[in-house]
Amino acid sequence: MGGNGFRMLFAILLSLLLVPKDGNAEPIIIKGEMVPEFLGMPINTLRLCTGAGEAVPFQIDEITESGEYVCAEGDAPNTDSGNGILDKQDEIVFLWEDCSSDTGFGSGIGVWRSIELVRKEKRRRIYITNDTTVPVSKRQYIHYNHSGQMIRTPYFYARFGKDRFHFTSAGVNDPVSGGYIDLTNELRIEILLRALWGLLPIRYSEENVVCLVKRYKSGPIRLIRRGDFHLNLGLGIKGSRAAVNQICYPQIVKVPVFVHVPVRFKSFFSEAYIEMTPVVRSGTQGFSFRVPQVSFSEMISGTVKKDTMIAVLPNNEFMSVSDGIRGFGWVLQASIPDTLLEGSAFLFRSPSQRSGEAECGFRLTLRDLPRGYYEITNWVLFSRRSYEQLRADFEAIKNPVFIHGTSGIFLNSLSVSAAQNTSGKKAPH
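**Student:** Report on the environment of Thr-133, specifying residues and quantitative values.
**Tutor:** Mapped onto the elements, Thr-133 comes out in the loop between strand S6 (122-129) and strand S7 (143-145). Placed 86 residues apart in sequence, Thr-133 and Arg-47 show a C-alpha to C-alpha distance of 9.1 Å.

This is how it looks when you write it as structure tokens:
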């Protein structure tokens, strides 16, 4: 075997070693209040392990009483807001697939508690302790280069634009080669506002959407990028500002945006919409765009020129770009009543209006949006195994795991609104 063959074999083996046991990477979030026995303990003394005593990769992220993540890196860190001990709102994060069903362990120095995770007939268990003789896992799923604005995980890579919350290129992991398939170019964003009774169209693109990432935290399980989002609407209206916490897990990216709408849309605009369409690269073979809600499926490469709207409200629905094994899914969750989103749809354009094979995404139409604050969350899910895995990840977001903590039964906080960051959400009994 030549040098190239050895390098490829090493890449494949390394890729397999970094992937969680079951091939998936569903994040589990436990808040401090779920394990009150450990409240007030130094964070650096806490450990997680399986029933067989195997160290579980995890990280603990401090959250201030006002709901801000404590991030020690970047131009404006807020390290002084943390106290280094576990408080009720702090988050302990790990992966479902790194846990096991082993029992019988959980004794040693200090305090030991068992946490059970339940989804239908599936059960997993993890132990939390302040026994510092338990080793800390060296497994690292997140690799982030802030100067290069690049994140790499065993499932995907993404490069972010400077002073932007969106990506300029992204790819999915290929388990055969151990490398990445360059799947998308930039995230295309178009915002249209029609003012003066529809006579004056005002358009913005992703270049007008500015997000200053002032601080961040990169750990073994997730990357948190805290940004200040800004869009100037023009016409003498003060620009809308929003807080952004872009959270990247090994297999899932969550971008919740809090938007302040300073005026009722109907007062100034007869029509408004925002399009978000990832641009699929030219030459991408075997991938199709799917909207399962209406059984829509279209091959991306070689498609005759096509520009269509798929008439289904994209809010809380699923779309994907996949070759049946590798690819990504996208879920939009907006805290806007469906009655105010009439005319919204999924979009498919081939060729792209940019330098790409196609655009696959959605249009969110806003008819008469009242002034106020709104949360819009975009989820991106990555697969290196199957299209069915993407659908399962979508269901995991909609139907969270039950966490049997030491103070009750809770729902996994992965899908909890960032506005509710400081309060645990108890599961219904």
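**Student:** I'd like a rundown of the packing of aromatic side chains, residues and numbers included.
**Tutor:** Throughout the structure, instances matching the rule amount to eight aromatic pairs. With 5.3 Å between their ring centres and 75° between their planes, Tyr-144 and Tyr-216 make a pair best called edge-to-face. Here the residue Tyr-144 occupies a position in strand S7, and Tyr-216 occupies one in strand S13 (residues 210-218), the gap between them amounting to 72 residues. The exposure class of Tyr-144 is buried, given its relative accessible area of 15%. Judged by its relative accessible area of 11%, Tyr-216 falls in the buried class. Among the aromatic residues, those joined into a ring-pair cluster are Phe-289, Phe-296 and Phe-348. Positioned above the aromatic ring of Trp-96 is the side chain of Arg-119, whose terminal nitrogen or guanidinium carbon lies 5.8 Å from the ring centre. It is Arg-225 that lies over the ring of Phe-160; its NZ or CZ is 4.1 Å from the centre.

**Student:** Break down empty space enclosed by the protein for me, citing the residues and quoting the values.
**Tutor:** Under the counting rule described, the total for this entry stands at five cavities of 30 Å³ or more. The calculated volume of the second largest cavity comes to roughly 250 Å³. Around the second largest cavity, the lining is made up of 23 residues, and of these Phe-167, Gln-246, Val-253, Trp-330 and Val-380 lie nearest the centre. Counting only elements with at least two residues in the lining of the second largest cavity, the list comes to strand S9 (156-160), strand S10 (167-173), strand S11 (180-195), strand S15 (240-248), strand S16 (252-261), strand S22 (326-334) and strand S25 (372-384). Among the elements that take part in the lining of the second largest cavity, S10 stands out by supplying four residues, more than any other. Taken together, the residues of the lining of the second largest cavity sort by class into 18 nonpolar, five polar and no charged.

**Student:** Provide a residue-level description of the layout of surface pockets, including the pertinent values.
**Tutor:** Its volume calculated, the largest pocket comes out at about 580 Å³. Contributing to the lining of the largest pocket are 21 residues, with Glu-26, Arg-119, Lys-122, Ala-392 and Ala-396 lying nearest its centre. Contributing elements (two or more residues each) for the lining of the largest pocket: strand S5 (112-119), S6 and helix H3 (387-398). Residue contributions to the lining of the largest pocket peak at five residues, all from H3. Its residues assigned to classes, the lining of the largest pocket shows seven nonpolar, three polar and eleven charged.

**Student:** Please give an account of the pattern of salt bridges that cites residues and values.
**Tutor:** The tally for this structure, following the rule as stated, stands at 26 salt bridges. Between Glu-91 and Lys-31 there is a salt bridge, with the nearest N and O atoms lying 3.1 Å from each other. Residue Glu-91 is found in strand S4 (residues 91-95), and its partner Lys-31 is found in strand S1 (residues 27-31); the two are separated by 60 residues along the sequence. By relative accessible area, Glu-91 is classed as buried at 2%. Measuring nitrogen to oxygen at the nearest pair gives 3.1 Å for the salt bridge that ties Glu-37 to Arg-113. One end of the pair, Glu-37, is in the loop between S1 and strand S2 (47-49); the other, Arg-113, is in strand S5, and 76 residues separate them in sequence. A cluster of three or more residues bridged by salt bridges with shared partners is formed by Arg-188, Glu-190, Arg-203, Glu-275, Asp-307, Arg-349, Glu-359 and Arg-363.

**Student:** Any chance you could break down the pairing of S1 for me, citing the residues and the numbers?
**Tutor:** On a regular strand, one side chain projects to one face of the sheet and the next to the other, so that they alternate. With five of its five residues buried, S1 lies for the most part within the structure. By the alternation rule, side chains of S1 split into Pro-27, Ile-29 and Lys-31 and Ile-28 and Ile-30, which are all buried. Sheet topology places S1 next to S4; five bridges connect them, and they run antiparallel. Counterpart to Pro-27 in the pairing with S4 is Leu-95.

Conventions used here
- Counting starts from 1 at the beginning of each chain's written sequence and moves along it residue by residue.
- The model is predicted, so local features are restricted to residues of pLDDT at least 70 and side-chain atom pairs to those at 80 or more, both for listing and for counting; the totals for chains, interfaces and linings are taken over all residues.
- Water and hydrogen atoms play no part in the side-chain values, which are based on all heavy atoms of the structure.
- Only DSSP runs of H or I with at least four residues qualify as helices, and only runs of E with at least two residues qualify as strands; both kinds are numbered from the N terminus onward.
- Paired rings are identified among Phe, Tyr and Trp, the last through its six-membered ring, by centres lying within 6.5 Å, and are further divided according to the angle between planes into stacked (under 30 degrees), edge-to-face (over 60) and tilted (the rest).
- Relative accessibility thresholds used throughout: buried, under 20% of the residue-type maximum; exposed, over 50%; partly exposed, between the two (1.4 Å probe, protein chains only).
- Charge-over-ring placement is defined geometrically: NZ (Lys) or CZ (Arg) within 6 Å of the ring centre, and within 35 degrees of the ring normal.
- Put simply, the grid is 1 Å and covers the protein atoms alone, a cavity is a trapped set of points that fit a 1.4 Å probe, a pocket is an open set with protein on both sides within 12 Å along at least five of seven lines, and lining residues have an atom within 4 Å of a point.
- Grid points are joined across faces, edges and corners, and a volume is the space filled by probe spheres set on the points.
- Under the grouping applied here, Gly and all other residues not named as nonpolar or charged are polar, the nonpolar ones being Ala, Val, Leu, Ile, Met, Phe, Trp, Tyr, Cys and Pro and the charged ones Asp, Glu, Lys and Arg.
- Think of a salt bridge as a Lys or Arg side-chain nitrogen and an Asp or Glu carboxyl oxygen that are within 4 Å of each other.
- Two strands form a pair only when DSSP identifies at least two bridges running between them.

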